[in-house]
Amino acid sequence: MTPPKPRPAISQADYQRLSQFRYLIRRFLEFSQVQANDAGLTPRQHQALLAIKGFPGGGPVAVGDLAERLRIRHHSAVELVNRLAEAGLVIRDQDKGDHRRVLLQLTPLADDHLADLSAAHLDELSRIEPMLRRLLSRREES
């Protein structure tokens, strides 16, 4: 049996930094939920649109890719895609090279929603960026 790895000392400042980081994440997520709802989307729909548009490499996104990016089960991603398609936000195409795969593409309506939401989110990120930088720099204030 391997001996447990020694735990580094954790200071009160470390706990405070972690707590503040979690607080900023929760505030950002709350902001995001309100923005999505105001745009007529659920937060999960907004996350899906962003995952499709911002997929690494910009290549085609399959339902399985979406499930991985959102950290949900495949069947949940299928249900989400069905709702997005019904709302006119996503077009599904069968992969020409692998007929088992369904590829997703945003509609112009989805692009418009996502552009508005992304502008608001980038603005909010720039507002909290200084606080995040301070937390992530590991500088302890005396």
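Look up: the structure comes first, before these words.
Bear in mind the structure is a predicted one, so any value in this text is a computation, not a measurement.

Please clarify how the overall build of the chain should be interpreted in this entry.
Tallying secondary structure elements over the chain gives five helices and three strands in all. For 142 residues, the compact-globule estimate of 2.2 N^0.38 gives 14 Å, and the C-alpha radius of gyration of the chain, at 20 Å, exceeds that figure by more than 25%. Dimensions of the chain along its principal axes, counting C-alpha atoms only, are 60 × 45 × 25 Å. Relative to its 142 residues, the chain shows a buried fraction of 28%. Residue pairs at least 24 apart in sequence account for 52% of intrachain contacts in the chain once pairs closer than 6 positions are excluded.

Mind showing me how you'd approach the sheet that holds strand β1 (residues 61-62) here?
Sheet strands associate in pairs through backbone hydrogen bonding, adopting either a parallel or an antiparallel arrangement. Ordered in space as β1-β3-β2, the three strands form an open sheet in which the pairing is antiparallel. Of all the strands in the sheet, the pair left with one neighbour each is β1 and β2 (90-94). Two elements, β1 and strand β3 (residues 102-106), share two bridges in a ladder whose sense is antiparallel. For Val61, the partnering residue across the bridge sits in β3 and is Leu104. Contacts from helix α2 (residues 43-53) reach β1, β2 and β3 within the one sheet, and its direction differs from that of β3 by about 100 degrees. Here helix α4 (residues 74-86) sits on the sheet and contacts β2 and β3; the angle it forms with β2, its principal contact strand, is near 120 degrees.

How do you make sense of unusual backbone geometry when you look at a structure like this?
Glycine aside, residues mostly have negative phi angles, and peptide bonds mostly take the trans form. We note that Arg71 has phi near 60 degrees; this positive angle belongs to a residue other than glycine. Within the secondary structure layout, Arg71 lies in the loop between α3 (63-70) and α4.

Explain the nonpolar core here, please?
Nonpolar side chains in soluble globular proteins tend to end up buried together. In this structure, Leu49 and Leu66 are the most contacted members of the largest nonpolar core, which totals 23 residues. When near neighbours in sequence (up to four residues on either side) are disregarded, Leu66 contacts Ala48, Ala51, Ile52, Val61, Val81 and Leu104. Counting five residues, the second largest nonpolar core, distinct from the first, contains Leu24, Phe28, Ile128 and Leu135.

Help me understand the pattern of salt bridges, please; the structure alone is not making it clear to me.
As a working rule, side chains carrying opposite charge can pair if their charged atoms are close by. One pass over the structure, following the stated rule, counts seven salt bridges. Between Asp14 and Arg17 there is a salt bridge, with its nearest N and O atoms 3.2 Å apart. With a gap of three residues between them, Asp14 and Arg17 both fall in helix α1 (residues 12-38), about one helical turn apart. For the pair Asp14 and Arg17, one class covers both residues: buried.

Looking at this structure, I do not really get the packing of α2 against α3. What am I missing?
The description of two helices packed together rests on the angle between their axes and the distance between the axes. Running from N to C, α2 and α3 point in directions that differ by 115 degrees, and their axes come no closer than 10 Å. Pair α2 / α3 crosses with right-handed handedness. Side by side, α2 and α3 meet where Arg44, Gln47, Ala48, Ala51 and Ile52 of the first sit next to Leu66, Arg69 and Leu70 of the second.

How should the side chain of His121 be read in this particular structure?
Looking at the secondary structure, you find His121 in helix α5 (residues 108-136). A polar side-chain atom of His121 sits 2.7 Å from the main-chain carbonyl oxygen of Leu117. Those residues in contact with His121 that lie beyond four places of it in its chain are Phe28, Phe31, Ser32, Gln35 and His46.

Each value, and the rule that gives it
- For every chain, the first residue of its written sequence is number 1, and the numbers climb from 1 along that sequence.
- Only residues with pLDDT of at least 70 get local features here, since the model is predicted, and only at 80 or more are side-chain atom pairs given and counted; chain-wide, interface and lining totals rely on the full set of residues.
- Each side-chain value is derived from all of the structure's non-hydrogen atoms; neither hydrogens nor water enter the calculation.
- Here a helix means four or more residues in a row that DSSP labels H or I, a strand means two or more in a row labelled E, and each is numbered from the N terminus.
- For a compact globule the rule gives 2.2 Å times the number of residues to the power 0.38, and the radius of gyration it is set against comes from C-alpha atoms.
- Residue burial is assigned from relative accessible area. The probe radius is 1.4 Å, only protein chains are included, and a residue is buried under 20% of its type maximum, exposed over 50%, and partly exposed in between.
- What makes two residues a contact is simply this: any of their non-hydrogen atoms within 4.5 Å.
- Only strands that DSSP links by at least two bridges are regarded as paired with each other.
- Axis definition: a line fitted to C-alpha atoms, over the contacting stretch in the case of helices. Angles run 0 to 180 degrees between N-to-C directions.
- What is meant by a nonpolar core is a set of buried Ala, Val, Leu, Ile, Met, Phe, Trp, Tyr and Cys residues, joined one to another through side-chain atoms within 4.5 Å.
- Take a side-chain nitrogen of Lys or Arg and a carboxyl oxygen of Asp or Glu: if they are within 4 Å of each other, that pair is a salt bridge.
- Whether a crossing is left-handed or right-handed is set by the direction in which the near helix is turned from the far one by less than a right angle, anticlockwise for left-handed and clockwise for right-handed.
- Pairs of N or O atoms within 3.5 Å make up the polar contacts considered here, provided that, within protein, one atom can donate a hydrogen while the other can accept it, and that residues adjacent in sequence are counted only when both atoms are side-chain atoms.

Remember, this is a structural readout, not a statement about activity or role.
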